[in-house]
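Chain residues, written in single-letter form:
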Amino acid sequence: MSTLFLIGMHEIEKSETIARKEDLFDRIVELQDLDSLMINLYKDRVSPFPNAHNFETGVSLVLYDPSKLQLPVRQLDVLFKRFFPSFNISAIDPTHEENLQPLKSIGRENSICGNRITRINHWMYHHHDDTSDGFTKANFGTNNENTLPTQACQANIYTLLLHLNYSKAQHLQKASVPRLIRNIEFMSFLSEPIEKLSQDKSYYWNILSTWKFCALSLSTQELIWCGFTLIKKLSKDANVLIADNKLLLLLFTLESSYHQVNKFHNFRHAIDVMQATWQLCTYLLPDNPVHTLLLCMAAIGHDVGHPGTNNQLLCNCESEVAESFKNVSILENFHRELFQQLLSDHWPQLLAISKKQFDFISEAILATDMALHSKYEDRITREKPMKQITLISLIIKAADISNVTRPLSISARWAYLITLEFGDCALLESFHKDHRPEQDCFGDSYKNIDTAEEDLDSIQNMLTSVTNADDIIKEHPYIPNGQIFFINTFAEVFFKALSQKFPNLKFLSENVEANKEYWMKHTNKKQK
Ligand SMILES: Nc1ncnc2c1ncn2[C@@H]1O[C@@H]2COP(=O)(O)O[C@H]2[C@H]1O
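Residues numbered from 1 in each chain as written. Predicted model: local features only at pLDDT ≥ 70, side-chain atom pairs only at ≥ 80, totals over all residues. Heavy atoms only, no water.

Of regular secondary structure, the protein possesses 27 helices and six strands. The dimensions of the protein, computed from C-alpha atoms along their principal axes, are 70 × 55 × 55 Å. Counting the 528 residues in the protein, one finds 59% classified as buried. For the protein, contacts bridging at least 24 residues in sequence account for 80% of all contacts bridging at least 6. Element-wise, carbon and sulfur atoms account for 52% of the exposed surface of the protein, whose accessible area totals about 21,500 Å². (Helix = DSSP H or I, 4+ residues; strand = E, 2+ residues; numbered from the N terminus. Buried < 20%, exposed > 50% of the residue type's maximum accessible area, 1.4 Å probe, protein only. Contact = heavy atoms within 4.5 Å. Areas by Shrake-Rupley, 256 points an atom, 1.4 Å probe, with all protein chains shown as cover.)

Next comes the structure, spelled out in structure tokens:
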């Protein structure tokens, strides 16, 4: 879905612009000023799922006369990259005909990001070549100037590399929060949770305080609220205070840095892992409020910018992102880098504390790489006494894969979502049989991609109306096999060892066993 925002335009200017472009956009929104634009972007982004105006499935443009609104379009573009990193949105000054060039490619761009496979392909292997805005490649600090296997293109579509490079460049700039963002009252976008709280003021505490926590039934507004409620409390306990509006801005920016369109690796997963991390900390770090706060923050940021694929796919196609991290823990390094920048922008005091404590948040995020799983599994039994850094790594690792330890009805829904995401990875691989990953967006056309239409409506349906495992596997009979494989290969031994080491975590192992028993009874024998 794409939007054309027209800001502060007179009737004549408007009719000329709209007459030429109307059919290229799904909607045209007219606003008086840029403050109203910001409010619209946040409101749209936290609309109920499946959210047509998430700014990821289409390209949106903002047209305004910079001399009237006193903000150069370049600066607005930088603001978009900083506060809405996953959005495909850019600003244009329509007062000069030549600036309207991007409108010519909007149809093609919309079709790339309206299809989930070409969209992911673009995120992973392309690089928006926008060196005229002051963020040159030299500034970005990527270490491979001579080899650029990632396709440089002019499409206004999110890419991992652009996200990473803007984040690095921002680090060099150390800019303060601009007035346009600073003046916003973020609580005003959270009417849904506030309304629920007026009926029951402990509603969110009650759902957060149990292992039956189900992030899947929460809206984006509620997910942000859960993050806010928990982090606010933990920051008080740890005496590392942050003002409410600043914490909310941090959470809104984080939400806009995750891809809402991903099935599994999205902000919902981040909040799920945060809650699991906190629950585990109450058992394993009961007297350490600072570590609990740091670890819960690491959990919210641990997958930021995740493309919904995996390290192997980045490695196989020699993406530039893979090369910038020398093919080691690529995505985890990517998340770590982005999240550090986000913290340095929004909560530098917390980042300083993290750095003092063995670079706590970085280590925690890196520990979530499943390539290190057996190394950590060994440490549970072998490392005596267990080091604090190992304990912290084990907590976030356990939380990251804790969906298999949740009650069956919740676990089955996570299983469904990860299975769909794996399905998209398989489609991406088969897409690569016919296309080079870095294929020119505007030159060649994509063949055989009709099979990858958006499926967010059916996911929404599944999440809201189907809650029991029997119904899920009726539609997707191979989920049990995948779950048995994951439990046998990773989860069973890990949670068993953890439960033996820390007996009060026995419930984790028991739940994995109960879920496994269910999946075993429903194995699909036809699958190879
Ligand atoms: N229920 C599940 N079924 C299968 N794989 C899973 C499940 N939960 C987590 N995983 C995998 O475990 C990985 C943990 O790291 P990632 O989040 O990168 O990606 C995750 C998935 O690949």
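Okay, the sheet that holds strand 3 (residues 60-63) next. Two strands in a sheet stick together by hydrogen bonds in their backbones, pointing the same way (parallel) or opposite ways (antiparallel). On the basis of which strands lie adjacent, the open sheet formed by four strands has the order 2-1-3-4 and parallel pairing. Of all the strands in the sheet, the pair left with one neighbour each is strand 2 (27-31) and strand 4 (89-92). This sheet shows a mean twist of 20° between the axes of neighbouring strands, independent of strand direction. By the bridge criterion, four bridges tie strand 3 to strand 4 in an arrangement that is parallel. (Pairing = 2+ DSSP bridges. Axes fitted to C-alpha atoms, helices over the stretch in contact; angles between N-to-C directions.)

Here we take up the site of the ligand. The environment of the ligand is made up of His 265, Asp 303, Met 370, Asp 400, Ile 401, Asn 403, Val 404, Ile 418, Phe 422, Gln 483 and Phe 486. Within the side chain of His 265, an N or O atom sits 2.7 Å from an oxygen atom of the ligand. Here a nitrogen atom of the ligand sits 2.8 Å away from a polar atom, N or O, in the side chain of Asn 403. Protein chains bury 87% of the 460 Å² of accessible surface belonging to the ligand in isolation. When contributions to the shell around the ligand are tallied by element, the ones reaching two or more residues are helix 23 (408-434) and helix 26 (479-501). For the shell around the ligand, the residue count by class is six nonpolar, three polar and two charged. (Near = heavy atom within 4 Å. Polar contact = N/O pair within 3.5 Å; in protein donor to acceptor, adjacent residues only side chain to side chain. Nonpolar A, V, L, I, M, F, W, Y, C, P; charged D, E, K, R; others polar.)

Here the focus is the domain arrangement of the protein. The domain boundaries assigned to the protein delineate domain 1 (3-173), domain 2 (184-400) and domain 3 (408-432 + 455-521). With nine residues of domain 1 at the contact, the number on the domain 3 side is 10 residues. Taking both partners together, domain 1 and domain 3 bury about 960 Å²; carbon and sulfur atoms supply 70% of that area. For the domain 1 face of the interface with domain 3, the top three residues by lost area are Phe 49, Arg 116 and Ile 117, together amounting to 55%. Note that Asp 424 and Arg 116 form a salt bridge whose closest N and O atoms lie 2.8 Å from each other. In this structure, the connection of domain 1 to domain 3 is made through two residue pairs in polar contact (both at pLDDT 80 or more). Partitioned by chemical class, the residues of the side of domain 1 that touches domain 3 number six nonpolar, two polar and one charged. (Domains from an automatic or database assignment. Buried area = accessible area lost by both parts, 1.4 Å probe. Salt bridge = Lys/Arg side-chain N within 4 Å of Asp/Glu carboxyl O.)

Spanning 16 residues, helix 27 (residues 506-521) covers 23 Å between terminal C-alpha atoms, matching the ideal 22 Å at 1.5 Å per step. Every buried residue of helix 27 is accounted for by Phe 507, Leu 508, Ser 509, Val 512, Asn 515, Lys 516, Tyr 518 and Trp 519. Contacts from the buried residues of helix 27 go to helix 14 (267-284), helix 23, helix 25 (469-475) and helix 26. (Expected span 1.5 Å × (residues − 1).)

Only one face of strand 2 is buried: it carries Arg 27, Val 29 and Leu 31, and the other face, with Ile 28 and Glu 30, is open. Inspection of the sheet shows strand 1 (residues 3-7) paired to strand 2 by five bridges, in the parallel sense. Note on strand 2: the bridge partner recorded for Leu 4 is Ile 28.

Okay, the packing of helix 26 against helix 27 next. One can describe the packing of helix 26 onto helix 27 by two numbers: an axis separation of 9 Å at closest approach and a directional angle of 160°. Accordingly, the angle class assigned to the pair helix 26 and helix 27 is roughly antiparallel. Every pair of crossing elements has a handedness; the one defined by helix 26 and helix 27 is left-handed. From helix 26, Ile 479, Pro 480, Gln 483, Ile 484, Ile 487, Asn 488, Glu 492, Phe 495, Lys 496 and Ser 499 reach across to helix 27, where they touch Lys 506, Leu 508, Ser 509, Val 512, Glu 513, Lys 516, Trp 519 and Met 520. (Parallel < 35°, antiparallel > 145°, perpendicular 65-115°, else oblique. Left-handed = near helix turned anticlockwise from the far one by under 90°.)

The two faces of strand 3 match: Ser 60 and Val 62 on one face and Leu 61 and Leu 63 on the other face are all buried. Inspection of the sheet shows strand 1 paired to strand 3 by three bridges, in the parallel sense. Opposite Phe 5, over in strand 3, you have Val 62 as the bridge partner.

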